[in-house]
Structures are given as structure tokens and as C-alpha cells.
Amino acid sequence: MLFHSGEGLRGDTGRPVLYLDIDDTLLTWAAGYPAAARGAREFVVWALECFQIRWLSTWCPTGEMPDSLLHDLARMLDVDPARLRSIRSFDWDATESKLNGIAWLEHVVLNRPFLWVEDEYGVGDAERQFLASHGFLSAYRHCNVTKDADSLIRLHHTLLRSF
Ligand SMILES: [Mg+2]
């Protein structure tokens with residue numbers, strides 16, 4: 001389903017939305033297993049204050065992250081699991097484009113601003129073309145901490161100037 005209504009996510013509409021990938025974005029796979037990227041803890045703690053975070057990751061395809069994964073992620077990021085539990089997403093089809101996990105009605109019709117932090121695997125030509133054709137290309141912020149260990153730190157510094 002491409003057009004989510006944002007149903008069930010009301011009550012937190014004052015902040016921009018941050019669609020946030022996990023693998024290669026918060027977690028580096030440079031050593032062959034997942035580990036917190038440089039600056040990942042600081043980024044998440046900051047983003048929890050500034051944005052309504054929504055996972056856009058195969059870690060959480062049903063809207064709510066399974067408890068075991070949530071604890072794994074919290075341990076790696078060194079963040080209290082209770083803080084991560086407040087993060088929701090949508091029930092989206094993880095076999096198709098991640099565009100399906102974005103609440104387009106909320107952003108296109110209601111003009112709620114959003115960012116999408118994602119590696120290049122989640123945003124290919126089709127996704128770029130869609131974002132560009134709807135005027136949202138600047139909402140996409142590339143990050144791949146497996147290929148470039150400091151990419152999340154640099155992104156954080158850039159975002160700090162605007163948020
Ligand atoms: Mg990823």
C-alpha cells in the first residue's frame with residue numbers, strides 16, 4: 001500500500017518525521033557482523049528529541065519491532081530499550097520498495113516534513129525518480145557506515161544546522 005493515512009500515529013505531529021534505516025545506516029557490517037556505527041548512539045538520542053522516528057527497515061516490517069531485536073539493537077546502540085520502544089513504523093511489504101513504508105498522504109497532502117536516512121540499497125533509480133518527481137529528493141539523506149565509517153557523523157553534523 002503506497003498511501004498510508006498516518007492513522008494511529010496522531011498526537012505527535014509537531015515534529016518532522018525521520019524514516020530511519022538500520023543496517024548500514026546505524027549499524028556497520030564492516031566486520032561481517034552488526035555493530036553500532038561511529039556516532040550512532042548520539043545520533044539516535046538526538047533524533048528522538050528532534051523527530052518522530054519511524055523505522056524503515058527489515059528489522060521492523062510490521063510496525064512494531066520484535067522485542068528480541070529491539071533489545072539487540074538497544075544493546076548495540078547503548079540506548080535504553082524503553083526509549084526505542086516508542087519508535088513505530090508501518091506494516092509495509094518489505095519485499096517491495098521501501099517507498100511503501102512512507103506515509104505519503106501525511107507528507108503530500110498534509111505537508112508534514114520528513115527525512116529519509118538510508119543507504120544506496122534502499123534507494124535505487126526507481127526510488128530516486130519517484131522522490132524527484134514529487135519534489136522530495138532533498139528529503140533523502142544518504143548514509144552507508146559499512147562503506148564509510150564516518151558517514152553518520154557527517155550527516156548528523158549537517159542535520160544539526162537545520163534541525
Ligand atoms: Mg540498509
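As the structure is a computational prediction, the values presented were derived from the model and not from experiment. (Residues numbered from 1 in each chain as written. Predicted model: local features only at pLDDT ≥ 70, side-chain atom pairs only at ≥ 80, totals over all residues. Heavy atoms only, no water.)

This part takes up the pattern of salt bridges. Oppositely charged side chains can form a pair if their charged atoms are brought close together. Within this structure, the stated rule accounts for 11 salt bridges. Salt-bridge contacts for Arg41 lead to Asp78; the nearest nitrogen and oxygen are separated by 3.7 Å. Of this pair, Arg41 sits in helix α1 (residues 40-50) while Asp78 sits in the loop between α2 (67-77) and α3 (81-85), placing them 37 residues apart in sequence. Classification of Asp78 by relative accessible area gives exposed; the value is 53%. Across the pair Arg154 and Asp148 runs a salt bridge, and its minimum N-O distance is 2.4 Å. Looking at Arg154, the relative accessible area reads 44%, which means it is partly exposed. (Salt bridge = Lys/Arg side-chain N within 4 Å of Asp/Glu carboxyl O. Helix = DSSP H or I, 4+ residues; strand = E, 2+ residues; numbered from the N terminus. Buried < 20%, exposed > 50% of the residue type's maximum accessible area, 1.4 Å probe, protein only.)

Let us now look at α1. Regarding α1, the residues found buried are Ala40, Phe43, Val44, Trp46, Ala47 and Leu48. Check the buried side of α1 and you find it contacts β1 (17-20), β3 (35-36), β4 (52-55), α2, α3 and α6 (151-160). (Contact = heavy atoms within 4.5 Å.)

Where α1 meets α6, the closest approach of the two axes is 9 Å, and the angle between their N-to-C directions is 30 degrees. With respect to α6, the axis of α1 lies roughly parallel. For the pair α1 and α6, the crossing hand works out as left-handed. Within the contact between the two elements, α1 uses Ala40, Glu42, Phe43 and Trp46 and α6 uses Leu152, His156, Leu159 and Leu160. Grouping the constituent residues of the contact of α1 with α6 by class yields 6 nonpolar, 1 polar and 1 charged. (Axes fitted to C-alpha atoms, helices over the stretch in contact; angles between N-to-C directions. Parallel < 35°, antiparallel > 145°, perpendicular 65-115°, else oblique. Left-handed = near helix turned anticlockwise from the far one by under 90°. Nonpolar A, V, L, I, M, F, W, Y, C, P; charged D, E, K, R; others polar.)

For the rest of this paragraph, the subject is the coordination of the magnesium ion. In an ideal octahedron of six donors the angles at the metal are 90 or 180 degrees, and in an ideal tetrahedron of four donors they are 109.5 degrees. Around the magnesium ion, the protein contributes the donor atoms Asp21 (OD), Asp23 (O) and Asp119 (OD), at 2.0 to 2.3 Å from the metal centre. Taken in sequence order, the residues that donate to the magnesium ion follow the motif D-x1-D-x95-D. (Donors = N, O, S within 2.8 Å, 3.2 Å for Na, K, Ca; no water.)

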